Amino acid sequence: MDRIIENNAAIGFKESIKQTIRPAALLFVVLTIITGIVYPLVTTGIGQWLMPKQAGGSLIEKDGKLVGSTLIGQNFTEAKYFWGRPSATAPYPNNAAASTGSNLGPLNPTLAEAVKGRVAALKNADIDNSQPIPVDLVTTSASGLDPHISPAAAYYQINRVAKARGLSPETVQALINNNTEGRQWGVLGEPRVNVLLLNIALDNATKTSAR
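Residues numbered from 1 in each chain as written. Predicted model: local features only at pLDDT ≥ 70, side-chain atom pairs only at ≥ 80, totals over all residues. Heavy atoms only, no water.

With respect to the overall build of the protein
Okay, so step 1: Per the secondary structure count, the protein includes 7 helices and 5 strands.
Okay, so step 2: Walking the protein from its N terminus toward its C terminus, one meets helices and strands in the order α-α-β-β-α-β-α-α-α-β-β-α.
Okay, so step 3: Each principal axis of the C-alpha atoms in the protein carries an extent, and together these give about 105 × 45 × 35 Å.
Okay, so step 4: By the burial criterion, 29% of the 211 residues in the protein qualify as buried.
Okay, so step 5: Expressed as a percentage of contacts within the protein between residues at least 6 apart in sequence, the contacts between residues at least 24 apart total 57%.
Okay, so step 6: Summed over all atoms, the accessible surface of the protein reaches about 13700 Å², with 62% contributed by carbon and sulfur.
Okay, so step 7: Between the centroid of the 19 positive side chains of the protein and the centroid of its 15 negative side chains there is a distance of 3 Å. (Helix = DSSP H or I, 4+ residues; strand = E, 2+ residues; numbered from the N terminus. Buried < 20%, exposed > 50% of the residue type's maximum accessible area, 1.4 Å probe, protein only. Contact = heavy atoms within 4.5 Å. Areas by Shrake-Rupley, 256 points an atom, 1.4 Å probe, with all protein chains shown as cover. Lys, Arg positive; Asp, Glu negative; His and termini not counted. Charge placed at Lys NZ, Arg CZ, Asp CG, Glu CD.)

This is the structure:
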């Protein structure tokens, strides 16, 4: 009698396990299909339909070649180009696969030395410029990928770029003004200049003036 009871208990336990596992496994498969396949496809499709450029990474082409994205800064170092914000990403600046800030506090001597070096580089590149250096030209952003600088940071570089390009300062300033973005929806953030777009406009202006 005891053995019969034990067998019945074992059978009941197995049936209970089956009744638990089957719906759990089915729910796992269904949710995997919905969240892992259907949802990404639907959201990607909607994004490509409503905002194809943004959904594709806001990529920029020049003369039929991909040159970057409006969302990620680039490390311009030549005198003839506008320079963007410094970047703390590794192993190279503006590494989109390793977004990070420097995590250095305002009293950290390493930060002070880094800022001094950037100030020196800007002054050496434009020795006749006595204007105050805008802070965004010597400090990194939290992401290390900021594609924008302030209009003041762009204006600071006018003489250096104009001299290197053989353009008038007025022409270069007009390019900055034409590539300055206002506050989002008129209230959020500050006016800003996308460095990549400005440098592309600068290349185009230089080509035009050379004709």
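On we go.
Quick notes on the domain arrangement of the protein
Okay, so step 1: By domain assignment, the protein separates into domain 1 (1-56) and domain 2 (59-210).
Okay, so step 2: Computed from C-alpha coordinates alone, the two centres of domain 1 and domain 2 are separated by 50 Å. (Domains from an automatic or database assignment.)

Remarks on the side chain of Ser 141
Okay, so step 1: If you trace the backbone, Ser 141 turns up in the loop between helix H3 (109-125) and strand S3 (148-149).
Okay, so step 2: When its relative accessible area of 9% is taken as the criterion, Ser 141 is described as buried.
Okay, so step 3: Engagement of the side chain of Ser 141 in a polar contact is seen with the backbone nitrogen of Gly 144, the distance being 3.1 Å.
Okay, so step 4: Every residue in contact with Ser 141, bar those within four places of it in the chain, is listed here: Arg 85, Pro 86, Thr 100, Gly 101 and Asp 146. (Polar contact = N/O pair within 3.5 Å; in protein donor to acceptor, adjacent residues only side chain to side chain.)

Focus on the sheet that holds S3
Okay, so step 1: Pairing in this open sheet of 3 strands is antiparallel, and the strands run S3-S5-S4 from one edge to the other. Of all strands in the sheet, those bounded by a partner on one side alone are S3 and strand S4 (180-181).
Okay, so step 2: When S3 meets strand S5 (residues 192-194), the two strands line up antiparallel, connected through 2 bridges. Its bridge partner lying in S5, Ile 149 is registered against Val 193. (Pairing = 2+ DSSP bridges.)

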